[in-house]
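Structure at a glance
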Amino acid sequence: KGVQLSHENLISNSLSIAKSFSFEQKDKFLTLTPLFHNSGQIFTTLAPIWGGSSTIPVRPEIGLIAFWDLIHGNSITWTLGMGSHIYFLLSNDIEVKNNHSLKGILVGGMKLNNRKREQFEEKYNTAIYITYGLTETTSFATCETPDINKINGSVGKNLSVNEIKIKKSGIEKDEGEILIRGDNVFVSY
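The sections below set out a description of the structure shown in this document. Since the model is a prediction, treat every value here as computed from it, not as a measurement. Residue positions are counted from 1 within each chain, in the order its sequence is given. Local features in this predicted model are restricted to residues of pLDDT 70 or higher, and side-chain atom pairs are both shown and tallied only at a pLDDT of 80 or more, whereas totals for entire chains, interfaces and linings draw on every residue. Based on all heavy atoms of the structure, the side-chain values leave hydrogens and waters out of the count.

1. Observations concerning the environment of I17
Where we set the bar: A helix here means a DSSP run of H or I that spans at least four residues, while a strand means a run of E at least two residues long, and both kinds are numbered starting from the N terminus. Using a 1.4 Å probe on the protein chains alone, a residue whose accessible area is under 20% of its type maximum counts as buried, one over 50% counts as exposed, and one in between counts as partly exposed. Here, two residues are considered to be in contact whenever any of their heavy atoms come within 4.5 Å of each other.
Mapped onto the elements, I17 comes out in helix α1 (residues 7-21). Owing to a relative accessible area of 0%, I17 belongs among the buried residues under this scheme. Considered as a pair, I17 and N92 are 75 residues apart in the sequence and their alpha carbons are 31 Å apart. Setting aside residues no more than four positions away along its own chain, I17 makes contact with F23, I42, F43, A47, F140 and L159.

Written out as structure tokens, the structure reads:
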């Protein structure tokens, strides 16, 4: 099924993300994920516009293979990927200079093992920020940001565009339904 997103959804989500990170004109983004997917559209394409930043899209099938060359060669400061991207980059024995420009990688789409996150951050001297969301929230609805302390297992705080609460089911104390409301919530299926 298709998820219909409005211009208001796209604008409100990308603006909220940009405010959360205070992007600047000197920031440069690398788009690794396909542009037909909301992760390729929102964080690395639309959100940079609010700060006057630039974006470099690359074909997904070569983006990871040439990842560090792209980071160094283009002075990339931000990108977004999946947990599988982190695992792939860790599995390669590529020597990376720690004087790169990459401020952080936002990661979503699957739970990232905390130990792998720590290994990546230590090995590459790069912060990973965990996100949570879905296509129905135009991308992500929560995110860790540089100004908050990271907590293992957390997906950060809600974006300013969202109200989020957990509706307890009563069956299990730690389980419930995640309810998300905001201008970035999709129009219909």
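2. With respect to the pattern of salt bridges
In plain terms, the rule: When a carboxyl oxygen of Asp or Glu lies within 4 Å of a side-chain nitrogen of Lys or Arg, that pair is called a salt bridge.
Per the counting criterion, the structure on display carries eight salt bridges. In this structure, E118 engages R115 in a salt bridge whose closest nitrogen and oxygen atoms are separated by 3.3 Å. In this pair, E118 and R115 are both assigned in helix α6 (residues 114-124), three residues apart and thus about one turn of the helix distant.

3. Considering the packing of α1 against helix α2 (residues 38-46)
Applied cut-off: Fitting a line to C-alpha atoms yields each axis, with helices limited to the stretch in contact; the angle taken between N-to-C directions then spans 0 to 180 degrees. What sets the label is the angle itself: under 35 degrees gives roughly parallel, over 145 gives roughly antiparallel, 65 to 115 gives roughly perpendicular, and the rest give oblique. Rotating anticlockwise by less than a right angle from the far helix to the near helix defines a left-handed crossing, while the corresponding clockwise rotation defines a right-handed one.
At a minimum axis distance of 9 Å, the contact between α1 and α2 shows a crossing angle of 45°. Taken together, the axes of α1 and α2 lie oblique to each other. Between α1 and α2 lies a crossing of right-handed hand. In this structure, α1 uses L10, N13, S14, I17 and F21 to contact α2, whose residues at the interface are Q41, I42, F43 and L46.

4. Thoughts on α6
For an α-helix, the turn length of 3.6 residues means that residues three or four places apart are oriented alike. We apply this condition: This arc is built from the directions going out from the helix axis to the C-beta atoms. The term polar contact refers here to a pair of N or O atoms within 3.5 Å; inside protein, the definition further demands a hydrogen-donor-capable atom paired with an acceptor-capable atom, and it admits residues adjacent in sequence only when both atoms are side-chain atoms.
For α6, every residue scored as buried is listed here: R117, F120 and Y124. The arc enclosing the buried residues of α6, seen along the axis, measures out at 65°, which places them on a common side. Contact partners of the buried residues in α6: α4 (67-74), α5 (83-91), β4 (104-108) and β5 (127-134). N-cap assignment for α6: the residue whose side-chain oxygen lies 2.8 Å from the backbone N of R115 is N113.

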